[in-house]
Amino acid sequence: MRTILHIDFNSFFATVEQQANPRLRGKPIGVTGGDRMERTVIGAASIEAKHFGVKTGMHLYDAKRLCPEIILVRGDSDKYLEVTKKFLNIIKDYSPYVEMFSIDEVFIELKNAAVGNSALGVALIIKNRIREEIGEWMRVSIGISYNKLMAKLASNLQKPDGLVVISNQKQAIQILDQIELNEICGIGLRIKKRLNNMGVFSFKDLRLVPLKALLASFKSYGQTLYNMSRGIDNRPILPFFEKEEVKSIGHRHTLSHDTNDQEEIKQLLLKLTELVARRLRAKKLVGRTVSVWYRNSLKVDGGFTGDGMQMTMPYTSDGIEIFRASWKIFHSIWTGDKIRMVGVSISNLKPQNPQNLSLLPETIREEVIIEALDKINDKFGEFTLQRGTLLGTSKMKRMPNPFLSDRRFKL
Ligand SMILES: [Mg+2]
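Residues numbered from 1 in each chain as written. Predicted model: local features only at pLDDT ≥ 70, side-chain atom pairs only at ≥ 80, totals over all residues. Heavy atoms only, no water.

K.L.:
What's the story with the overall build of the chain in this structure? I'm lost.
P.N.:
A tally of helices and strands in the chain yields 15 helices and 12 strands. For the chain, the residues scored as buried account for 49% of the 411 residues in total. A fraction of 66% describes how many contacts in the chain between residues 6 or more apart in sequence connect residues 24 or more apart. Here the chain has roughly 21200 Å² of accessible surface; of this, 53% comes from carbon and sulfur atoms. (Helix = DSSP H or I, 4+ residues; strand = E, 2+ residues; numbered from the N terminus. Buried < 20%, exposed > 50% of the residue type's maximum accessible area, 1.4 Å probe, protein only. Contact = heavy atoms within 4.5 Å. Areas by Shrake-Rupley, 256 points an atom, 1.4 Å probe, with all protein chains shown as cover.)

Take a look at the structure:
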């Protein structure tokens, strides 16, 4: 028998804002705008706002109609990440088996602890430490059970500040029979509808469907549904390993000849910035300080001359934006003389915002495009596909191989 805790912050972004500003406490607030949240939509609602029916993703107009006194607060992902970091630091004291499920949710597995008293004790201590070490306004709901599925369900049953134990399969089935199909993580509205079409409206109904029939309709997910209805879930905890912090990401290239051809240098910068951007995205980071430097072809006293400069811009992992900044920097430092080497790097890095912050359809589309480009380029080599805007900026001539013969490097 395993012991799993699912810990979930209640109304995370909004509660962090209330923690940061006591005047917002106890009031209906909506977090909106900020680095990646849309300005016309509620990105997160406080517990008080939820009482009025305000929901995440709701248009401001509708939110104000439901709750005219709602206070709108600008989102600040740095603040939320800071809280998540502190939270993980507390959690680590109780188990090395920690899975981050989202910015405000984790699963932890306690080994050698029976479901019951000892796990309950750990849960209470964690709740206390969150209040003492993160802030007295912060609230979490904790679910304790024998697998991830039931632990997550348990934490959902009581909000805010909940603590629910589902000790065994018998109890799990009792609870499953009291909830809607889509109240369990893994059954969305679409699957619910398909189940309804099969005459399945409850977990009790679902248990009556033979595995064969579920497999026929849902392929391998049929097995998952079969298990869910019985409170079975064998998924392991996927541990969270702290990664070594990357300070900067850069590329440079030494040409096989000297050049003062603007077009050639532009091509080179385009490629370098696209590579830097791709590595940022691969590491799920965004950066805001762009540095560009170059070396002249002439050696003076045994060394090269050259120049470099940096510039700060809004956080990004977009190759075009990094290119625009780089080209501007290059122009402001380049005297027009022949160069031999040019380099670009981006520093001041932070993790990309979590997915649920990008509510804007355009943003999501852009992310999908970038992801698709990255996949194709990973498979077929750099610059197989480039965006149309990139093509429009200059004549694209594919350079044969000396490109990047002198490797990537870290500052
Ligand atoms: Mg939450």
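K.L.:
So what exactly am I meant to see when it comes to the nonpolar core here?
P.N.:
The nonpolar side chains of a soluble globular protein tend to be buried with one another. Formed by 34 residues in total, the largest nonpolar core has its most connected members in L5, I7, F9, F12, I126 and I130. Listing elements by their share of this core, those giving two or more residues are β1 (3-9), α1 (12-20), β2 (29-32), α4 (77-91), β6 (105-110), α5 (117-134) and β7 (140-145). Broken down by element, this core gets its largest block of residues, seven residues, from α4. Once residues within four sequence positions are removed from consideration, I130 is found in contact with F9, F87, I90, G135, M138 and V140. In this structure, L269, L280, L285 and I322 belong to the second largest nonpolar core, which totals 28 residues. (Core = buried A, V, L, I, M, F, W, Y, C linked by side-chain atoms within 4.5 Å.)

K.L.:
What is the right way to look at the packing of aromatic side chains in this model?
P.N.:
What characterises a pair of aromatic rings is the spacing of the ring centres plus the angle enclosed by the ring planes. What the rule picks out here adds up to nine aromatic pairs. Taking 4.8 Å as the distance between ring centres and 75 degrees as the angle between the ring planes, the aromatic pair formed by F9 and F87 counts as edge-to-face. Here F9, found in strand β1, pairs with F87, found in helix α4; they are 78 residues apart in sequence, far enough to count as distant. What makes F9 buried here is its relative accessible area of 3%. Here Y294 and F330 contribute two aromatic rings whose centre-to-centre distance is 5.6 Å and whose plane-to-plane angle is 70 degrees, an arrangement assigned as edge-to-face. With a gap of 36 residues between them, Y294 in strand β10 (residues 285-300) and F330 in helix α13 (residues 319-333) connect regions that are remote in the sequence. Residue class for Y294 comes out buried when judged on its relative accessible area of 4%. (Phe/Tyr/Trp six-rings, centres within 6.5 Å; stacked < 30°, edge-to-face > 60°.)

K.L.:
For this particular structure, what's the right way to read the packing of α1 against α4?
P.N.:
Packed helices, taken two at a time, are described by their axes: the angle between them and the distance between them. Contact geometry for α1 and α4: axes closest at 10 Å, N-to-C directions at 95 degrees. It follows that α1 is roughly perpendicular to α4 by the angle criterion. Between α1, through F12, F13, V16, E17 and A20, and α4, the contact on the second element is made entirely by K79, Y80, V83 and T84. (Axes fitted to C-alpha atoms, helices over the stretch in contact; angles between N-to-C directions. Parallel < 35°, antiparallel > 145°, perpendicular 65-115°, else oblique.)

K.L.:
How should I be thinking about the coordination of the magnesium ion in this particular structure?
P.N.:
Protein-derived coordination of the magnesium ion comes from D8 (OD), F9 (O) and D104 (OD), at a distance range of 2.2 to 2.4 Å. Judged by relative accessible area, D8 falls into the buried class, the value being 8%. (Donors = N, O, S within 2.8 Å, 3.2 Å for Na, K, Ca; no water.)

K.L.:
Please explain α4 as it appears in this structure.
P.N.:
Helical geometry: 3.6 residues make up each α-helical turn, so side chains three or four residues apart lie on a common side. Look at α4: 21 Å from first C-alpha to last across 15 residues, which is about the 21 Å you get at 1.5 Å a residue. Along α4, the residues classified as buried are S77, Y80, L81, V83, T84, F87, L88, I90 and I91. (Expected span 1.5 Å × (residues − 1).)

K.L.:
Even after reading the chapter, I still don't get the environment of L211, so can you show me in this structure?
P.N.:
Mapped onto the fold, L211 is located in helix α10 (residues 211-218). Contact partners of L211, with chain neighbours within four places excluded, come to G222, Q223 and Y226.

K.L.:
Sorry if this is basic, but what is going on with the pairing of β2 here?
P.N.:
On a regular strand, each side chain points to the face opposite its neighbour's, so the side chains alternate between the two faces of the sheet. Burial along β2 is two-sided: the residues I29 and V31 and G30 and T32 are all buried. The pairing of β2 with strand β3 (residues 44-45) spans two bridges and is antiparallel. Note on β3: the bridge partner recorded for G30 is A45. (Pairing = 2+ DSSP bridges.)

K.L.:
Got a minute to help me understand the environment of A44 in this structure?
P.N.:
By secondary structure assignment, the location of A44 is in strand β3. Setting aside its immediate chain neighbours within four residues, A44 contacts F13, A14, I29, G30, V31 and T56.

K.L.:
Explanation requested: the sheet that holds β2 in the structure shown.
P.N.:
The strands that make up a sheet are held in pairs by hydrogen bonds between backbone atoms, and each pair lies either parallel or antiparallel. Sheet architecture is open: three strands sit in the order β3-β2-β4, paired in mixed fashion. The sheet is open, and its two edges are formed by β3 and β4 (71-74), each paired on a single side. Sitting on the sheet, α1 touches β2, β3 and β4, and the angle it makes with β2 is about 110 degrees.

K.L.:
What is the right way to look at helix α6 (residues 148-157) in this model?
P.N.:
Of all 10 residues in α6, eight are buried; the element is thus mostly enclosed. For α6, every residue scored as buried is listed here: K148, L149, M150, A151, K152, L153, A154 and S155. If you check the start of α6, you find a side-chain oxygen 3.3 Å away from the backbone N of L149, and it comes from N147. (Polar contact = N/O pair within 3.5 Å; in protein donor to acceptor, adjacent residues only side chain to side chain.)

K.L.:
Teacher, can you tell me more about the UniProt feature "binding site: Mg(2+)" (unreviewed entry) in the chain here?
P.N.:
Under the local residue numbering, the UniProt record ascribes the feature "binding site: Mg(2+)" (unreviewed entry) to D8 and D104. Spanning 97 residues, the named residues form one tight spatial group whose C-alpha atoms are at most 5.9 Å apart. Along the chain, D8 turns up in strand β1. Residue contacts for D8: discarding those within four places in its chain leaves D104, E105, R139, V140, S141, S155 and K159. Along the polypeptide, D104 turns up in the loop between β5 (98-102) and β6. The buried category is assigned to D104, whose relative accessible area is 12%. Apart from residues lying up to four places away in sequence, D104 is in contact with I7, D8, F9 and F12. (UniProt positions renumbered as here; feature names shortened; annotations may be inferred.)

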